[in-house]
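Observations on the model geometry
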Amino acid sequence: MKIVDVNTGRPYPIYIEHGIIGSAGKYIRERSDAVRAVIVSDSNVAPIYADRVENSLKENGFETSVFVFEAGEERKRLCTIEKMYSFFYEHDITRTDVLIALGGGVTGDMTGFAAASYLRGIDFVQIPTSLLSQVDSSVGGKTGVDLPVGKNLVGAFWQPILVLIDPDTLDTLPQKFFNDGMGEVIKYGCIKSPSLFKRLENENARDIIDDIIYECVTIKRDIVVNDERDTGERAILNFGHTFGHALEKLSGYSGMTHGEAVALGALMITGVTENKGITEIGTCDRIFNLLKKYDMPFKTEYSFEDIIKATRGDKKSTGKGLNFIFLREIGTCFINLIPFEKIEAFFET
Ligand code: MG
């Protein structure tokens, strides 16, 4: 088993091991005295994995119940959270009980937010089952829901007490959703790890998936521990995201997955900075080739003007402007604030 310790305000470990879902109850019991455990999962994941987690919880003395919601990003809303609260109340969930997020990013974000807010905060465990949630969203304590006007606009920082990552769950993941996670994986290579990037170039990601998960989680841990509340260095995790979010928005959140949009956003921003002499020559080509290799989109029908316009209202903007993350070369990046009035001129070329 691989273990990554996360020393945030409330420290917790991440365990990575094949088949760990079947022993979830044992590891949760080591870290929780709860009487009751609620598994929160969606209609895609619950039929495959909820039984195994529930049995393991029962074997370890938990009283269990399962809350299932309809799968899809459009359910990541306050109305789903309210249904969860009612469910918790009906099942006598107290402050010392525990929630288990079993599923992808939507499940993790919502369960975390319900845990952060119900009775002013109860424990929760992340069992991410998609590549995106395993390498990215289950680590770091960002929780929340979407509003009709924008994604992730309401939420809280709330760390889990434990993260259990079972790479076997990726076997049931359709290729499109595997690629969704690959967008974030490529991002980690770009911002922090030339060696990871090289391995993605030379090997097949599915063959080295354990190493990939471990490496990404470790990079994210290091960044999050230094900047838990996202006021500084953590911004580099948004490499590719400013244009990525714009692309998602333009496609009505249906044409492209988040990871695909992030990867394409990374390619686009690097195209600009390489042209301007900010980024080492050849970097853009390497990203382009990686996107082709992993069957990700590498061009878009939208004009640069539309994309720039769509970055307006980005959550990452400050009063002064928009923070862009630029690469010096593969593995080295920095934060660059561009004042709003200069954004268009910057990207004109
Ligand atoms: Mg992301």
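Here's what I pulled together on the structure shown here. (Residues numbered from 1 in each chain as written. Predicted model: local features only at pLDDT ≥ 70, side-chain atom pairs only at ≥ 80, totals over all residues. Heavy atoms only, no water.)

So, on to the nonpolar core. Residues I14, L131, L200 and F347 are the most contacted members of the largest nonpolar core, which totals 67 residues. Among the elements that take part in this core, helix α10 (residues 258–275) stands out by supplying 8 residues, more than any other. Two domains each put at least three residues into this core: domain 1 (2–172) and domain 2 (175–346). Not counting residues within four places of it along the chain, the set of residues in contact with I14 comprises K2, I3, V4, V6, V139, V163, I165 and V217. (Core = buried A, V, L, I, M, F, W, Y, C linked by side-chain atoms within 4.5 Å. Buried < 20%, exposed > 50% of the residue type's maximum accessible area, 1.4 Å probe, protein only. Helix = DSSP H or I, 4+ residues; strand = E, 2+ residues; numbered from the N terminus. Domains from an automatic or database assignment. Contact = heavy atoms within 4.5 Å.)

Here the focus is the side chain of Q134. As for its position among the elements, Q134 is in helix α5 (residues 131–137). Take Q134: its relative accessible area is 0%, and that puts it in the buried class. There is a polar contact of 3.0 Å between the side chain of Q134 and the backbone oxygen of P128. Within the structure, the side chain of Q134 is placed 3.1 Å from the side chain of T169, a separation counted as a polar contact. Setting aside residues no more than four positions away along its own chain, Q134 makes contact with P128, T129, I165, D166, P167, T169, L170, I213 and V217. (Polar contact = N/O pair within 3.5 Å; in protein donor to acceptor, adjacent residues only side chain to side chain.)

Look at R120: it is not a glycine, yet its phi comes out positive at around 65 degrees. In this fold, R120 is placed in the loop between α4 (105–117) and β6 (123–128).

What follows concerns the coordination of the magnesium ion. Those donors, E184 (OE), H241 (NE2) and H258 (NE2), are the protein atoms that reach the magnesium ion, and they lie 2.1 to 2.3 Å from it. Here the donor residues of the magnesium ion share one chain and are spaced in sequence as E-x56-H-x16-H. Residue E184 is found in helix α6 (residues 175–192), and its partner H258 is found in helix α10; the two are separated by 74 residues along the sequence. We classify E184 as buried; its relative accessible area is 1%. Given the relative accessible area of 18%, H258 is considered buried. (Donors = N, O, S within 2.8 Å, 3.2 Å for Na, K, Ca; no water.)

Before going further, it helps to spend a moment on the packing of aromatic side chains. On inspection of all chains with the given rule, the structure shows 14 aromatic pairs. Ring centres of F67 and F87 lie 5.3 Å apart, and the angle between their planes is 75 degrees; on these two criteria the pair is classed as edge-to-face. Of this pair, F67 sits in strand β4 (residues 63–69) while F87 is found in helix α3 (residues 78–90), placing the two residues 20 residues apart along the sequence. One exposure class covers both F67 and F87, and it is buried. Each ring, one from F243 and one from F324, has its centre 6.0 Å from the other, and the planes form 70 degrees; the classification is edge-to-face. Pair noted here: F243 is in helix α9 (residues 241–250) and F324 is in strand β10 (residues 321–329), with a separation of 81 residues, a long-range link. On the basis of relative accessible area, F243 is assigned to the buried category, the value being 1%. Owing to a relative accessible area of 2%, F324 belongs among the buried residues under this scheme. Grouping aromatic residues by their ring pairs yields a cluster made of F243, F304, F324, F326, F334, F346 and F347. The positively charged end of K276 is found above the aromatic ring belonging to F346, 4.4 Å away from the centroid. (Phe/Tyr/Trp six-rings, centres within 6.5 Å; stacked < 30°, edge-to-face > 60°. Lys NZ or Arg CZ within 6 Å of the ring centre and 35° of its normal.)

Let us look at α6. Each α-helix winds once per 3.6 residues, and so residues spaced three or four apart point in a common direction. In this model, α6 (18 residues) spans 25 Å end to end at C-alpha, consistent with the 26 Å of a helix rising 1.5 Å per residue. Of all the 18 residues making up α6, 14 are buried; the element is thus mostly covered by neighbouring parts of the structure. (Expected span 1.5 Å × (residues − 1).)

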